Amino acid sequence: MPLGKPKIYLSPRTRAITLAFAALIGVTTALPVAAHPHVFADVGLALDLDADRQVVSIEVTWRYDDFFSLLILEDMSLDPDGDGALTSEELTALERFDLDNWYEGFEGDLYVYSGGEKLALGAPEFVSVRLDAGRITSVHRRSVDPAPAGGLVIEPYDPTYYIAFEASLPITLPAPCSAEVRKPDLDAAAQKMQAELAQIPEDQFLEIEPGRDFADRIEVTCAGS
């Protein structure tokens, strides 16, 4: 890294995530990482409600970018002919590739709030994995401490911004409830991050977590609530 520039190294949290991926893609986490995303993923959510319109579980879909997907496939020696089709055995090998390395305390890059209070989420349960148009799509389900669906706020993001999540896939839940995705002010988020970087002494390392400033905000409303 050039002298005179702030040195930003992987935080312990990002290092743990990258270690999981590095085991697959051969990346060394000893290298410094800039404050910008290295992996991109589209996010979709399906909320399961009980008879009282309380959320009890969330099915989470992550659709990874084509470059990261290619790295995963190459390192796992899947789809060697490059035809974009995986056999049943290859799909089985791909199952849980992004779920089995969660460390204790990792929140799964999904944050759910009810009345301003963060809800506890359960461990991920594998649902499915597939490859289409060169991109890996994985689906898992997490239990949620029951809370009224109306007024829920959901934010899918990586605090360190190593992975950039975008809520661009469907957000579904039973009627009469619905969800609206509110986009962040990216210019304001970038300006805030640059202001923080400008405060870093040149001879110091820094752990920063700008991810929430770049996060989509999903707001749930229920008619008649």
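For the structure, check the block above.
The residue count restarts for each chain, going from 1 along the sequence in the order it is written. Local features in a predicted model are, by the rule used here, given only for residues with pLDDT of at least 70; side-chain atom pairs are given and counted only at 80 or more, and totals for whole chains, interfaces and linings are based on all residues. Only hydrogens and water are removed before side-chain values are computed, so all heavy atoms of the structure are retained for them.

Asker: Tell me about the environment of Ser128, and name the residues and values.
Answerer: Within the secondary structure, Ser128 is located in strand β6 (residues 125-132). Residues Ser128 and Arg141, 13 residues apart in the sequence, show an inter-C-alpha distance of 9.8 Å. Setting aside residues no more than four positions away along its own chain, Ser128 makes contact with Thr137, Ser138 and Val139. Numbering of helices and strands starts at the N terminus; helices are DSSP runs of H or I of at least 4 residues and strands are runs of E of at least 2. Any two residues whose heavy atoms approach within 4.5 Å at even a single point are treated as in contact.

Asker: Could you give an account of the environment of Asp98, naming the residues involved and the relevant values?
Answerer: Considering the arrangement of structural elements, one finds Asp98 in the loop between α3 (88-94) and β4 (110-114). Along the sequence, Asp98 and Ser138 sit 40 residues apart, while their C-alpha atoms lie 8.1 Å from each other. Apart from the residues lying within four places of it in its own chain, the contact partners of Asp98 are Trp62, Tyr64 and Ser138. Within polar-contact distance, the side chain of Asp98 engages the side chain of Tyr64 at 2.6 Å. At 2.7 Å, the side chain of Asp98 and the side chain of Ser138 are in polar contact. Side-chain atoms alone can form a polar contact between residues adjacent in sequence; in general such a contact is a pair of N or O atoms within 3.5 Å, and within protein one must be able to donate a hydrogen while the other accepts it.

Asker: An account of the pairing of strand β2 (residues 39-49) is needed here, citing residue identities and associated values.
Answerer: Note on strand geometry: in a regular strand, side chains alternate between the two faces of the sheet. Here's how the labels work: a residue is buried when its accessible area is under 20% of the maximum for its type, exposed when over 50%, partly exposed in between, all with a 1.4 Å probe on protein chains only. Of all eleven residues making up β2, eight are buried, and the element is well covered by its neighbours. One ladder, built from four bridges, connects β2 with strand β9 (residues 163-166); its direction is parallel. Bridged to Phe40 within β9 is Ala164. Pairing between strands is defined by DSSP: at least two bridges between them are needed. Pairing of β2 with strand β3 (residues 54-64), which is carried by nine bridges, proceeds in the antiparallel orientation. Directly across from Leu49, in β3, lies its bridge partner Val55. Hairpin remark: β2 followed by β3, antiparallel, with four residues in the connecting loop; positive phi at Arg53, about 60°.

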